[in-house]
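# Commentary on secondary and tertiary structure
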Amino acid sequence: MLKVIEIEHLTVEYPGVKALDDVSFSVNEGDFLGIIGPNGAGKSTLFASMLGLNTKYKGTIKFFGKDIRKSREYLKLIGYVPQKPVFEKNFPATVNDVVNMGLRKKYHEKKIDEILQQLWIHELGNRRIGELSVGQQQRVFIAKALVNNPKLLILDEPVTGIDQHSIDLFYSILKDLNSKQKITIIWSSHDLDAVNKLANHVACLNRTLFFHGESDDFFDNDELVKQYSEASMQEHMHHH
Amino acid sequence: MSLEIFSFGFMQRALISGIAIAILCSVVGLFLVLRRYSLFGDAIAHSSFGGIALGLMAGVYPLWTAYGVSLVSALIITRIKDRFNVSGDASVAVLLSSGIAVGLVIIGISGGFTVDIFSFLFGSILLVGVSDTIMILGLTGIILIVILVLYRQFLYSTFNEEQAKVSGISVEKINYLLIFMAGLTVVTSIQLVGVLLISALFVIPNVTAIMYGKGFKQTTILSMAFSIFSVVVGILVSYVFDITPAGTIVLLSTGIFVCTIGIKSVGILKT
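Residues numbered from 1 in each chain as written. Chains lettered and ligands numbered in written order. Predicted model: local features only at pLDDT ≥ 70, side-chain atom pairs only at ≥ 80, totals over all residues. Heavy atoms only, no water.

This part covers the confidence of the model for chain A. Looking at chain A as a whole, its pLDDT mean stands at 85, while 93% of the residues score no less than 70. Mean pLDDT values over the elements of chain A span from 66, in helix H8 (residues 222–239) of chain A, up to 93, in strand E4 (residues 58–63) of chain A. (pLDDT = per-residue confidence, 0-100. Helix = DSSP H or I, 4+ residues; strand = E, 2+ residues; numbered from the N terminus.)

Further remarks concern the packing of helix H9 (residues 171–210) of chain B against helix H10 (residues 216–241) of chain B. Residues and elements named next belong to chain B. Running from N to C, H9 and H10 point in directions that differ by 140 degrees, and their axes come no closer than 8 Å. With respect to H10, the element H9 is oriented oblique. The element H9 and its partner H10 pack so that their crossing is right-handed. The segment H9 lies against H10, with Leu-192, Leu-201, Pro-205, Asn-206, Thr-208, Ala-209 and Ile-210 engaging Thr-219, Leu-222, Ser-223, Phe-226, Ser-227, Val-231 and Ile-235. (Axes fitted to C-alpha atoms, helices over the stretch in contact; angles between N-to-C directions. Parallel < 35°, antiparallel > 145°, perpendicular 65-115°, else oblique. Left-handed = near helix turned anticlockwise from the far one by under 90°. Contact = heavy atoms within 4.5 Å.)

Before going further, it helps to spend a moment on the pattern of salt bridges. Residue and element names in this part refer to chain A. Throughout the structure, instances matching the rule amount to six salt bridges over all chains. Linking Lys-58 and Glu-13 is a salt bridge whose minimum nitrogen-to-oxygen distance equals 3.3 Å. Remark: Glu-13 occurs in strand E1 (residues 3–14) and Lys-58 occurs in strand E4; sequence separation between them is 45 residues. Relative accessible area serves as the criterion here: at 53%, Lys-58 is assigned to the exposed category. (Salt bridge = Lys/Arg side-chain N within 4 Å of Asp/Glu carboxyl O. Buried < 20%, exposed > 50% of the residue type's maximum accessible area, 1.4 Å probe, protein only.)

On average, residues of chain B carry a pLDDT of 89, and 97% of them reach 70 or more. Interface scoring of the predicted complex returns ipTM 0.85; its pTM is 0.88.

Taken together, the contact pairs 27 residues of chain A with 24 residues of chain B. At the boundary of chain A with chain B, the tally comes to one salt bridge. The shortest N-O distance in the salt bridge between Glu88(A) and Arg36(B) comes to 2.7 Å. Counting the contacts that link chain A with chain B gives 11 residue pairs in polar contact (both at pLDDT 80 or more). Broken down by secondary-structure element, the contributors of at least two residues to the side of chain A that touches chain B are helix H2 (95–102) and helix H4 (134–146) of chain A. For the side of chain A that touches chain B, the residue count by class is 16 nonpolar, four polar and seven charged. (Polar contact = N/O pair within 3.5 Å; in protein donor to acceptor, adjacent residues only side chain to side chain. Nonpolar A, V, L, I, M, F, W, Y, C, P; charged D, E, K, R; others polar.)

Put into structure tokens, the structure is as follows:
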């Protein structure tokens, strides 16, 4: 099985805090990995390191066997959907404009139409991005991430501001992308039930990796789930 | 107003250069406005005043020294902002005042100039020569081609720097290129509206166009249209009534802005 990402002994230290401590795991082609962990567990740091936004890390990250420090070319094969799409509210860009930003080749109207249709935002093509609901915006950002046919899709799940309908739609889209289009997905989430339903692999992160394996092995093991819940609960209390 | 004025060479040059500058400022300015760099043009323009004074003192064509000084200060301001964590508006303020200060000191040392410094402060579009016009057209052409070729990179890194980086765009290079082009644009535009009113050309047509709720290309076209209208009508009206073109152009531009706000508040135009 081809390894899309291999992470070995990844350690990230911020002044006074170890954000990630000796994290190692790999993701095979076609996997749907759900990364769970409480707030502050280092998920964003992990993503930032994988995406070349944080280069101050120890250890190695390989993409299809190549060290990502050597070249930024690998980014062209990754689609990334951020947790909070940050942009000027009145930015003069339509949905079509935003999706087109992701398109590395020449403007391809049919391609963009196709993806918008697939994500149920076809009728929004000429609306300004700032006018849409958060759930719709998220789908636009997925469309932007998909427009170059990426091998790997990395998604940081938005926590707030999305209605249930959009969440359901979002999940069914992810499922299709993985099962029908064979796109490898790494997805961070707070929603254990959803991870249980969608992902075939689970990684539990809380600065260190304390579980990585098939999702059935995780969810069938009450002890692990309890441990995870307690850890995230503690973290939760710690934050308040 | 008779059509005769269009037959004057100086008027033809003024209109052609004016339209080119209007287009240039709209396009470059839109990226600056969207990056919350609205006053950046002002800062470069003020620092180029120092460059103009330097050129006048050294007996060099003042716009050449202005190009040099403004490009250097544009790079310095970006460096300071990135490296030393000084906020954008503060570094703009530093550059803006020091540029004028340098100019004043140099003028003082040289015991004042015989050349009319006012033409640089407020523009002198009706005095634009043939070589100036060619220079303006050439520069406009080059910058527009660069923006067209790198359109996606400019737009994406303006929209969201982090995501642009993740998609493999060299955001830092794009930022420097934009700053560099802004520097060139500002000095070129000094001939039209002068040092003091340049940010009006960068900002007002774009802020107005953004309010119409359209996509990026249509917003750019609207902004160009507002800008060209203000410049052409401004030059003609100021000539006929013998008033300053720079002031007239900026006031017309402000007029369109106010009308747009008016239309919006009445509710004809949705947000």
